[in-house]
Amino acid sequence: MYLQFLTLSFLIAVLLCILGVVYCLGVKNKISGIRELMLSFICLVFLYSACVYASIEIEPIGSLHRWVTVAAALFAAVFYQRFFLKFPSAIYPKISNYLFKIQLSIAASISLWFVWETKDAVKTFRFNGQYWDLTAVFPGRVVAVFSLFLAVSVILIASIQIIRNKDHKRIALVGILGSFFLNFLIPTIYLTLFRLGQVTAEVFVNALAISVISGFFVFHIFFVSYGGHKTSLTVRILTIVLAMALSVTQVMSGGLSKAIENEYDSLQISILQNYNPKSIQKDSVFFSKVGENTEKSGLIAADLGVRSYLLGSSGKPILVYQNFEKNTEMGLEYSSYREFVHKYVMDWAVRLFLGLCVLIFGFLVFMKISILNPLFELLKGLDRVEGGELSVEVAVRSKDEIGLLTQAFNAMVRSIREARQELQQYTSNLERTILERDSIYDAVPQEKILSNKTLIYASRSMQAVVDRVERISGREQPVLITGETGTGKEIIAGLLHELGRGKESPFVPINCAAVPANLWESQIFGHVKGAFTDAKSDYGGLVAEAAGGTLFFDEVGEMPLEIQPKILRLLQERKYKQVGGRTELKAECRTIFATHRNLRSMVSKGTFREDLYYRINVFEIGIPPLRERRSDIPFLANRFVEHYSKQMELDKPNISEEVMDLFLEFPWSGNIRELENCIIRTLADLKGDMIKISDLPTELMEAKSHTREEMSNMPVTNGTYTAGFESLVSMYSRRLIETALQKCKGNKSEAARLLKISRGKLQYQMRMLDME
Ligand SMILES: Nc1ncnc2c1ncn2[C@@H]1O[C@H](COP(=O)(O)OP(=O)(O)OP(=O)(O)O)[C@@H](O)[C@H]1O
């Protein structure tokens, strides 16, 4: 048995198809590029086999494998199109479902038509020779037209998928058009030339095969690169390797069959001229058929009256044999065939080498662009990070493996950057706390009386906040107030408003977390009667209500993303339209925003618009949490006791020293609101004229007993403080961390939670104390 290159290429294709099916059955990841490559490759092989077999009458559909291929190809083409209609996202699902069913029915009908045309052969099981030469030409053409229609539609659908994907639209379209040109225009040109008799069938088939392979190659590179596949790098490499393998086999098989044919032609001529029946050797080995010129060779065979003969001519023996009554075929004798192939292979090996050099060069360029360049960019980014530049963001050029690596690198740099910011914040807080501690006992209370509240403060940090409010109160630009919940953002917004626009002007607060998503626009901008079902009358909206005064957006971090562009326009152009209204109205209010969220990190996560963030953040006022301005606590506590005892009609009680110490130590995660609530609850149940520990809400009493227990563990035993302040604090911190870690079995996150600090802070402390 002699394997020809053509057979080899078919074998490779079949093998790849089988592997592909096995692979696809096991793949769960729907956006795997490898799965997509395998599926479309299987369909493609069938599709083009059908086109070659059925459309071009190089050889009419004859043997069983051709018949099966054509029928299978019809179904493959339908599935191929279906695949692209659903991948990576479904296009017109309802219509495409109907389309799929109709196409399946057409494929089934054509297949049945084949069977009908060949019913005699099916009955007698005669799938040999050229049995269907005449009968099946017409359905063959239908298959060709149908398959080509499906193939064109596949490219169009893939183009739509790429356009819908939005990224890299233009370059992807260039690729698709290129592959369309290779896949369809080149074969069509060659088909026309072939029909006009300008090129031979072999040239046409070779042109078809090469353009299909390269078209497939280009199509895949572009579709996979820009279709958002996570495994696209592997697929692009696989595609190139596949294209190389197919090109080699195709060029070899095409060239070889052409060369053999030429050889036959010259041999036939010389044999027919120098025919001598006596030189024939019986029972020689036959390897291939010639098919052409059977008339003359048939005459020779008939003349000889035996089944097979070896004719010798010009040193090259050729076999003539008769296999059926009327069919006579010719072929080279095996040893001369082998000699011929060897000679031929050497000749073609050189050309192939040159071709492969071009492909390898292309592969290297691909490696450089797709892999090496992005990797070098990553290395450069790394160098900059090592040099302390943490604002590095390496551009993500694709969504493939290298793209994922770049994203991971960027995420890593981002978290280092955030950790450093956190650390800086922590250090400055620490410094502030130390300053506060020093000033706690000589603080002097200050008051700002607002229309409905009194702002009290004594700490330096709050003094700084109030100074800043006074400085910027006259400006028109938006102000962003940040700080933990309950720190007094709204009261500061009130101060800003009253100092700037005056006590008489309106102050309109809106809590962004409390507005239902569908009512945002009409609440802020107002609506005209009948603009929507519930708009029974005209409503001016909050912007109009705040005219001449201030519109205060509390919890701005909760503002829905869809409404943010409208607020941005309001701030930029100071104009807005009511829902259902036609005229543009002028906004005449000042805007203040407040949030307890970290808007900067929301921007980097894409949950808050960057442009709006920069627009509202013209002046930022950060309010420190209560635990960092403890000198305010005694004055706030006394003011709340005074205010609420009056409200509850009680005689104003005093706060015991022990309670005030606890107030100063307590972590107050809810800040001033928590302190205020604690005093209201205490007053409600108070008996007597002194607030004692036992009168406090349970969580504060528990905190007190824990603090006592913790304080008794302090490494100060003899009251001499010989170790000095720094080492005593370090020793105590070490002991606290050790006990927490022991309790949590070494789990740092849990220990940090127990100590009520962040994990990062715990790790930082452990490093400072040499505990790691
Ligand atoms: N310095 C202060 N002096 C007197 N009362 C204060 C002070 N700061 C805050 N308060 C009171 O504490 C409570 C909470 O304050 P406010 O509502 O302004 O905080 P917030 O930061 O806006 O809270 P949230 O983030 O929950 O909106 C209010 O009752 C307010 O009157």
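A quick note: this is a predicted structure, and the numbers were derived from the prediction, not measured.

**Student:** Account for the overall build of the protein, with residues named and values stated.
**Tutor:** On a plain count of helices and strands, the protein comes out with 26 helices and 14 strands. Counting over 772 residues, the protein shows a buried share of 43%. Long-range pairs, those at least 24 residues apart, make up 70% of the contacts in the protein between residues at least 6 apart in sequence. When the accessible surface of the protein is split by element, carbon and sulfur atoms take 59% of a total near 42,000 Å².

**Student:** An account of the packing of helix H13 (residues 460-472) against helix H14 (residues 489-500) is needed here, citing residue identities and associated values.
**Tutor:** As a packed pair, H13 and H14 sit with axes 9 Å apart at the nearest point and diverge in direction by 35°. Here H13 and H14 pass one another in a crossing that is right-handed. Packed against H13, whose contacting residues are Met462, Val465, Val466, Val469, Glu470 and Ile472, the element H14 presents Ile492, Leu495, Leu496 and Leu499 at the interface. A class-by-class count of the residues in the contact of H13 with H14 yields 9 nonpolar, no polar and 1 charged.

**Student:** Describe in detail helix H22 (residues 671-684), supporting the description with residues and values.
**Tutor:** Its 14 residues give H22 an end-to-end C-alpha distance of 20 Å, which sits within 8% of 20 Å, the value for a rise of 1.5 Å per residue. Where H22 is concerned, the buried positions are Asn671, Ile672, Leu675, Glu676, Cys678, Ile679, Thr682 and Leu683. Buried positions in H22, seen along its axis, are confined to an arc of 160° and lie on one side of it.

**Student:** Let's hear about unusual backbone geometry: which residues, and what values?
**Tutor:** One non-glycine residue, Glu649, lies in the positive phi region at around 55°. Overall, Glu649 belongs to the exposed group, its relative accessible area being 73%.

**Student:** Can you explain the pattern of salt bridges? Please cite residues and give values.
**Tutor:** This model, assessed by the stated rule, comprises 14 salt bridges. Across the salt bridge formed by Lys566 and Glu521, the nearest N and O atoms sit 3.2 Å from each other. Note that Lys566 is positioned in helix H17 (residues 564-573) and Glu521 in helix H15 (residues 520-525), a separation of 45 residues in sequence. Between Arg569 and Glu573 there is a salt bridge whose closest N-O contact spans 3.3 Å. Of this pair, Arg569 and Glu573 are both found in helix H17, 4 residues apart, which corresponds to roughly one turn of the helix.

**Student:** Would you mind going over the site of the ligand in detail, with residue names and values included?
**Tutor:** Every one of the 19 residues lining the ligand counts as a neighbour, but Ile456, Lys489, Glu490, Arg673 and Glu676 are closest to it. A distance of 3.3 Å separates an oxygen atom of the ligand from a polar atom in the backbone of Thr487. Between an oxygen atom of the ligand and a main-chain N or O atom of Gly488, the distance comes to 3.1 Å. Summarising the interface, the protein chains cover 91% of the accessible area of the ligand, which totals 620 Å² for the free molecule. Breaking the shell around the ligand down by element, the ones donating at least two residues are strand S5 (454-457), H14, helix H20 (633-647) and H22. Here the shell around the ligand is composed, by residue class, of 6 nonpolar, 5 polar and 8 charged. Two domains each put at least three residues into the shell around the ligand: domain 2 (443-621) and domain 3 (629-712).

The rules behind these values
Residues numbered from 1 in each chain as written. Predicted model: local features only at pLDDT ≥ 70, side-chain atom pairs only at ≥ 80, totals over all residues. Heavy atoms only, no water. Helix = DSSP H or I, 4+ residues; strand = E, 2+ residues; numbered from the N terminus. Buried < 20%, exposed > 50% of the residue type's maximum accessible area, 1.4 Å probe, protein only. Contact = heavy atoms within 4.5 Å. Areas by Shrake-Rupley, 256 points an atom, 1.4 Å probe, with all protein chains shown as cover. Axes fitted to C-alpha atoms, helices over the stretch in contact; angles between N-to-C directions. Left-handed = near helix turned anticlockwise from the far one by under 90°. Nonpolar A, V, L, I, M, F, W, Y, C, P; charged D, E, K, R; others polar. Expected span 1.5 Å × (residues − 1). Arc of directions from axis to C-beta. Salt bridge = Lys/Arg side-chain N within 4 Å of Asp/Glu carboxyl O. Near = heavy atom within 4 Å. Polar contact = N/O pair within 3.5 Å; in protein donor to acceptor, adjacent residues only side chain to side chain. Domains from an automatic or database assignment.

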